[in-house]
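# Chains, contacts and geometry: an overview
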Amino acid sequence: MLPRIPTRTDAFVLCACGATAKIASVSPIPGRPDHMRHGYSCAACGTDTGFDVAKKARE
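Residues numbered from 1 in each chain as written. Predicted model: local features only at pLDDT ≥ 70, side-chain atom pairs only at ≥ 80, totals over all residues. Heavy atoms only, no water.

Here we take up the nonpolar core. One finds Val13, Cys15, Ala21, Tyr40, Cys42, Phe51 and Val53 forming the largest nonpolar core, which totals seven residues. Mapped by element, the contributors of at least two residues to this core are β3 (35-42) and β4 (48-54). Apart from residues lying up to four places away in sequence, Val13 is in contact with Leu2, Pro3, Arg4, Pro6, Ala19, Thr20, Ala21, Tyr40 and Phe51. (Core = buried A, V, L, I, M, F, W, Y, C linked by side-chain atoms within 4.5 Å. Buried < 20%, exposed > 50% of the residue type's maximum accessible area, 1.4 Å probe, protein only. Helix = DSSP H or I, 4+ residues; strand = E, 2+ residues; numbered from the N terminus. Contact = heavy atoms within 4.5 Å.)

The next point concerns the sheet that holds strand β1 (residues 12-14). Backbone hydrogen bonds hold the strands of a sheet together, and the pairing may be parallel or antiparallel. Across the sheet, four strands lie side by side as β1-β2-β3-β4; this open sheet has antiparallel pairing. In this open sheet, the two strands that pair with only one neighbour each are β1 and β4. Across the sheet, the mean angle separating the axes of adjacent strands is 40 degrees when strand polarity is ignored. (Pairing = 2+ DSSP bridges. Axes fitted to C-alpha atoms, helices over the stretch in contact; angles between N-to-C directions.)

Glancing now at the pattern of salt bridges. Side chains carrying opposite charge are able to pair once their charged atoms draw close together. Counting across every chain of the model gives two salt bridges. In this structure, the salt-bridge partner of Asp52 is Arg32, at a minimum N-O distance of 3.5 Å. On the criterion of sequence distance, the pair formed by Asp52 in strand β4 and Arg32 in the loop between β2 (20-28) and β3 is long-range, its members being 20 residues apart. For Arg32, a relative accessible area of 34% corresponds to the partly exposed category. Note that Arg37 is salt-bridged to Asp52, the shortest N-O span being 2.8 Å. Highlighted residues: Arg37 in strand β3 and Asp52 in strand β4, separated in sequence by 15 residues. Relative accessible area serves as the criterion here: at 38%, Arg37 is assigned to the partly exposed category. Each of the salt bridges in this network shares a partner with another, and the network as a whole consists of Arg32, Arg37 and Asp52. (Salt bridge = Lys/Arg side-chain N within 4 Å of Asp/Glu carboxyl O.)

If you want it as structure tokens, here you go:
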């Protein structure tokens, strides 16, 4: 089962239309060095969605 909200390692998420959205971009977020913005695109319906995802914690 695909997640609706991704973690930092998810390349695919479940789109609202029920199809699979594939990761299309990853970019830094100005002012939030502990997060990255992951963009997903659904080929079935053309929807683009974005999520702010926490980076892996440094030890």
